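Topology and contacts: notes
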Amino acid sequence: MRSKKNAADDILRGPRAESFAKATASMLGFADSPSGRPLSDPRRLHPKPPFEKQTQPWPGLAGQMTPRPDHGEDSYKGSGRLLGRKALITGGDSGIGRATAIAFAREGADVALNYLPEEEADAEEVMDLMGEAGVKTTAIPGDIRDEAFCIRLVEDAARDLGGLDILVNNAARQQARESILDITTDDLDWTFRTNLYALFWITKAAVPHLRPGSAIINTSSIVAFDPSPHLLDYSATKAAILNFSKCLAKQLAERGIRVNAVAPGPFWTALQPSGGQFPDHLTKFGHDTPLGRPGQPAEIAPLYVLLASNEASFCTGQVFGATGGEAGP
Ligand code: NAD
Ligand code: MG
């Protein structure tokens, strides 16, 4: 008598596997390539420095950047990995949050998007793209430095989506300062409230909604490992986020909730021209990575998809980097 294992092997290796692979390739648009999905050389994929000198008032708009960041608008193809999930993403209008929102929606997740009211122009583009994916979406603009707003944000997201099972804490403030002597108490408070207090408030409000199998993903940074001298307050928050994620993972394991962090290297996002870098640094942003360029948000969204998905069921309390080869986790 044939074992179940033999039958499964037949499916994985036999003609049915081949036709499944062909159908998938066709669905993902690779069917025309005679040898399958073409290789892409990471050195040649995206713009390299020098970049045009540019500045914007905080918090900046992706739509005003030259070149415009690539958030996967024209490239990300989903395959149902998050079908039926319900996600809240902070800072989802631009940059890494936008790329994650587009990817989540194309993977079948309903998405609640938070951002600042002055970023409405960027947010509308994301809402339109997510709408095209046919999922449920809700826009909840507001300032997460306010605890009452953070609680309302989570409650509104859960109400509008009919539940919550993925939380992406991604919003942040980054302002370059030459010296500790230039960082005011207001600066410190702004950075810590946005990057740390809000993450605590939003997570605390979200936990009661999260069922076993849910995932929390926090955005840390390469500066948690190798801090930039001109980002003293910001780097401290990113190191704290890493520690918070590892600790919370231990705490929430008994509820079946996974917690991980992503640590990006230099990424071409609105954070940088709006005070995140000094203008002269921005023109050569990313030149010192081994790949010789900054990352584009589309190149990191797949990590968020993986960490949100059931496939990452044994990953918790970990940090995942995308740094172009620079020091990372
Ligand atoms: P981004 O500017 O596109 O996104 C940051 C978002 O934070 C903004 O769009 C804004 O909506 C949100 N935000 C800021 N203050 C807020 C507030 N008070 N209330 C509500 N929302 C607020 O930039 P990004 O680079 O995509 O940043 C996303 C995450 O990636 C951040 O956590 C950042 O620290 C992290 N990161 C970025 C880089 C990089 O090089 N770009 C490197 C490491 C880590
Ligand atoms: Mg933005």
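A brief report on the enclosed structure follows. It should be emphasised that the depicted structure is a prediction, and the values quoted were computed from it without experimental measurement.

1. Here we look at the pairing of strand β6 (residues 258-264)
The buried count for β6 comes to seven of seven residues, which makes it a mostly enclosed element. What you see with β6 is no split at all: Arg258, Asn260, Val262 and Pro264 on one side and Val259, Ala261 and Ala263 on the other are buried throughout. For strand β5 (residues 215-219) and β6, the ladder comprises five bridges, and the chain directions are parallel. Among the inter-strand pairings, Thr219 is bridged to a residue of β6, identified as Val262. This β-α-β element, β5 to helix α7 (residues 232-252) to β6, shows right-handed connectivity. Where β6 lies against strand β7 (residues 319-322), four bridges are found, and the strand directions are parallel.

2. Comments concerning unusual backbone geometry
Residue Pro50 is bonded to the preceding Pro49 through a cis peptide linkage, with omega at 10°. Relative to the assigned elements, Pro50 resides in the loop between α2 (15-28) and β1 (86-90). For the peptide bond that leads from Trp58 to Pro59, omega is 10°, which places it in the cis range. Assignment of secondary structure puts Pro59 in the loop between α2 and β1.

3. Notes on the nonpolar core
When a protein is soluble and globular, its nonpolar side chains tend to lie buried together. Residues Phe104, Leu113, Met130, Ile300 and Tyr304 are the most contacted members of the largest nonpolar core, which totals 33 residues. Apart from the residues within four sequence positions on either side, Met130 is in contact with Ala101, Ala105, Val111, Leu113, Val135 and Thr137. The next biggest cluster of nonpolar side chains, apart from the first, holds 26 residues, and it includes Leu153, Val154, Leu161 and Leu248.

4. Thoughts on the environment of Val111
Here Val111 is to be found in strand β2 (residues 110-114). Note on Val111: relative accessible area 0%, which makes it buried. Along the sequence, Val111 and Ala101 sit ten residues apart, while their C-alpha atoms lie 7.0 Å from each other. Apart from the residues within four sequence positions on either side, Val111 is in contact with Ala87, Ile89, Ala101, Phe104, Ala105, Met130, Lys136, Thr137, Thr138 and Leu161.

5. Details of the site of ligand 1
In the region of ligand 1, 32 residues are neighbours, and Ser94, Glu119, Asn170, Tyr234 and Thr269 sit closest. Between ligand 1 and Asn170, the relevant distance is 2.7 Å, taken from an oxygen atom to a main-chain nitrogen or oxygen of the residue. Here ligand 1 has 800 Å² of accessible area as a free molecule, and 99% of this is covered by the chains. Partitioned by chemical class, the residues of the shell around ligand 1 number 14 nonpolar, 13 polar and five charged.

6. Observations concerning the packing of aromatic side chains
Aromatic ring pairs are defined here through the distance separating the ring centres and the angle between the ring planes. Per the counting criterion, the structure on display carries three aromatic pairs. Taking the centre distance of 4.1 Å and the plane angle of 25° together, the rings of Phe51 and Trp268 count as stacked. Highlighted residues: Phe51 in the loop between α2 and β1 and Trp268 in the loop between β6 and α8 (272-276), separated in sequence by 217 residues. The exposure class of Trp268 is buried, given its relative accessible area of 0%. Here Tyr197 and Trp201 contribute two aromatic rings whose centre-to-centre distance is 5.6 Å and whose plane-to-plane angle is 80°, an arrangement assigned as edge-to-face. Of this pair, Tyr197 and Trp201 both sit in helix α6 (residues 185-206), separated by four residues, roughly a single helical turn. Overall, the relative accessible area of 12% leaves Trp201 in the buried class. Of the aromatic side chains, those joined through ring pairs into one cluster are Phe51, Trp268 and Phe285. Above the ring of Trp190, the side-chain terminus of Arg173 is found at 4.2 Å from the ring centroid.

Thresholds, definitions, all that
- Residues numbered from 1 in each chain as written.
- Chains lettered and ligands numbered in written order.
- Predicted model: local features only at pLDDT ≥ 70, side-chain atom pairs only at ≥ 80, totals over all residues.
- Heavy atoms only, no water.
- Buried < 20%, exposed > 50% of the residue type's maximum accessible area, 1.4 Å probe, protein only.
- Helix = DSSP H or I, 4+ residues; strand = E, 2+ residues; numbered from the N terminus.
- Pairing = 2+ DSSP bridges.
- Right-handed = clockwise from strand over helix to strand, strands pointing away.
- Core = buried A, V, L, I, M, F, W, Y, C linked by side-chain atoms within 4.5 Å.
- Contact = heavy atoms within 4.5 Å.
- Near = heavy atom within 4 Å.
- Polar contact = N/O pair within 3.5 Å; in protein donor to acceptor, adjacent residues only side chain to side chain.
- Areas by Shrake-Rupley, 256 points an atom, 1.4 Å probe, with all protein chains shown as cover.
- Nonpolar A, V, L, I, M, F, W, Y, C, P; charged D, E, K, R; others polar.
- Phe/Tyr/Trp six-rings, centres within 6.5 Å; stacked < 30°, edge-to-face > 60°.
- Lys NZ or Arg CZ within 6 Å of the ring centre and 35° of its normal.

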